[in-house]
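The residues making up each chain are set out below.
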Amino acid sequence: MTPDEMTTEQLEQRVRSLGEWFHNLDLKGVRTAPHHFLGDFPTVFWNRFQHAFPTDLKGKSVLDIGCNGGFYSIEMKRRGAARVVGIDSDERYLAQARFATQVLGVDVELLQMNVYDVGALGEKFDIVLFMGVFYHLRHPLLALDLLYEHVVKELLIFQTLERGSDEVGELARDYPISERAIFDRPEYPKMHFIEYRYAGDWTNWWAPNRACTEAMLRAAGFDLLEHPSREVYICRRGQRPTAWGAVYPRHPESVQ
Ligand SMILES: C[S@@+](CC[C@H](N)C(=O)[O-])C[C@H]1O[C@@H](n2cnc3c(N)ncnc32)[C@H](O)[C@@H]1O
C-alpha cells in the first residue's frame with residue numbers, strides 16, 4: 001500500500017513501526033515525535049536561524065549529512081533546491097526519512113553513508129548541511145577536512161553541541177612556551193573530550209566551546225559568514241593554500 005492510500009490510523013501505525021523518531025515531522029496530521037525531549041524538534045531550532053538561510057534554492061544542489069528523519073532535506077526541497085541528497089550512517093533513520101519523503105511527496109535521494117566516506121559521492125554540492133553530527137564523531141577535524149576537500153562547493157551550514165564559554169577574542173599567532181595562562185582564558189579554543197557519556201549518549205564524543213568551533217572551521221578552510229543562533233554557523237568555502245594538505249594540514253604560516 002502506498003502512503004497515499006493509507007488512512008490516518010495506518011499512517012500512525014507505520015510511523016510507530018519505524019521506531020523512535022528524533023525529528024518531529026507532520027506527516028499528514030501524524031506527528032512522528034510528539035513527545036520529543038527538546039519540544040517540537042527541530043522546528044523550534046530551525047525557527048531560530050532559518051532567516052539567515054537562502055530562501056530561494058532554485059537550481060542548487062544540497063547534501064544533508066546526518067539527515068536523520070529528513071527534516072532539513074525536506075525543508076531544502078521546499079525552498080526549491082533542484083537536488084537534495086541525504087546521507088546517514090544509520091539505516092533506521094534512513095527508513096524514516098524514506099517514508100517521510102514518500103508521504104510528503106518530496107524527492108530526496110537517500111543513501112546510507114558515513115561522513116568519512118563522502119569522497120565516494122564523487123561530486124561537490126552548492127550547499128552542505130552538517131548539523132548535529134560533528135560532536136558525535138571520534139575524528140571531527142578529519143570530517144571537516146574531508147567536507148572541504150570533497151563535497152562543499154559554496155556554503156557549509158554547520159551546527160554542533162557547544163559547552164563552555166561563548167567568548168571569542170583575538171589571539172596572538174604564536175606564544176612562547178613559557179606562556180601558560182592563555183590556555184585558561186575563556187576565549188581560548190577548547191574541545192572538551194567526553195570519555196563515557198553526555199546526556200546518557202555514548203555517541204557524544206566532544207563538546208567544543210564557541211572559540212574552538214570557529215577556529216576548527218577556519219582551520220579546515222571555511223570562512224565564517226554568519227552566526228545566526230547559538231551553535232549554528234553559516235560558512236563559505238574559503239581558500240586553502242595548496243601546500244596545506246587536506247587531511248593532515250600544516251598551518252599555512254609554517255609552509256614556506
Ligand atoms: C543528532 S542527529 C542530527 C540530525 C539532523 N542533522 C539534525 O540536525 O536534526 C545526528 C545524526 O547523524 C547521524 N550520524 C552520526 N554519526 C554519523 C556518521 N559518522 N556519518 C553519517 N551520519 C552520522 C546519526 O545517525 C543521526 O541521524
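Residues numbered from 1 in each chain as written. Predicted model: local features only at pLDDT ≥ 70, side-chain atom pairs only at ≥ 80, totals over all residues. Heavy atoms only, no water.

A. Quick peek at helix α3 (residues 71-78). Most of α3 is tucked away: six of the eight residues are buried. Among all positions in α3, only Phe71, Tyr72, Ser73, Ile74, Glu75 and Met76 are buried. Its buried side turned inward, α3 meets α2 (43-49), β3 (61-65), β4 (83-88), α4 (91-104) and β6 (125-131). (Buried < 20%, exposed > 50% of the residue type's maximum accessible area, 1.4 Å probe, protein only. Helix = DSSP H or I, 4+ residues; strand = E, 2+ residues; numbered from the N terminus. Contact = heavy atoms within 4.5 Å.)

B. Structural detail: the nonpolar core. In terms of nonpolar packing, the biggest core is built from 39 residues, with Met76 and Leu129 touching the most fellow members. The element best represented in this core is α4, accounting for five residues. In this view, Leu129 contacts Phe53, Val62, Leu63, Asp64, Ile65, Tyr72, Met76 and Ile157; residues no more than four positions away in its chain are not counted. (Core = buried A, V, L, I, M, F, W, Y, C linked by side-chain atoms within 4.5 Å.)

C. Expanded view of the site of the ligand. Taken together, 19 residues form the shell around the ligand, and within it His23, Gly66, Asn68, Asp88 and Met131 come nearest. Note that a nitrogen atom of the ligand is positioned 3.3 Å from one of the backbone N or O atoms of Ser89. Alone, the ligand offers 590 Å² of accessible surface; in the complex the protein occludes 89% of this. Of the residues contributing to the shell around the ligand, the split by class is 10 nonpolar, seven polar and two charged. (Near = heavy atom within 4 Å. Polar contact = N/O pair within 3.5 Å; in protein donor to acceptor, adjacent residues only side chain to side chain. Areas by Shrake-Rupley, 256 points an atom, 1.4 Å probe, with all protein chains shown as cover. Nonpolar A, V, L, I, M, F, W, Y, C, P; charged D, E, K, R; others polar.)

D. Molecular detail of the environment of Glu123. Assignment of secondary structure puts Glu123 in the loop between β5 (109-112) and β6. The partly exposed category is assigned to Glu123, whose relative accessible area is 27%. Placed 42 residues apart in sequence, Glu123 and Ala81 show a C-alpha to C-alpha distance of 16 Å. Those residues in contact with Glu123 that sit more than four places away from it in its chain are Arg83, His150 and Val151. Engagement of the side chain of Glu123 in a polar contact is seen with the side chain of Arg83, the distance being 2.8 Å.

E. Geometry of the pattern of salt bridges. Summed over the entire model, instances satisfying the criterion amount to 17 salt bridges. Salt-bridge contacts for Asp40 lead to Arg31; the nearest nitrogen and oxygen are separated by 3.6 Å. For Asp40, a relative accessible area of 28% gives the class partly exposed. According to the relative accessible area criterion, Arg31 is partly exposed, its value standing at 33%. Among the ionic pairs, Glu123 bridges to Arg83, the shortest N-O distance being 2.8 Å. Note that Glu123 is positioned in the loop between β5 and β6 and Arg83 in strand β4, a separation of 40 residues in sequence. Three or more residues are tied together by salt bridges with common partners; here these are Arg163, Asp166, Arg230 and Glu231. (Salt bridge = Lys/Arg side-chain N within 4 Å of Asp/Glu carboxyl O.)

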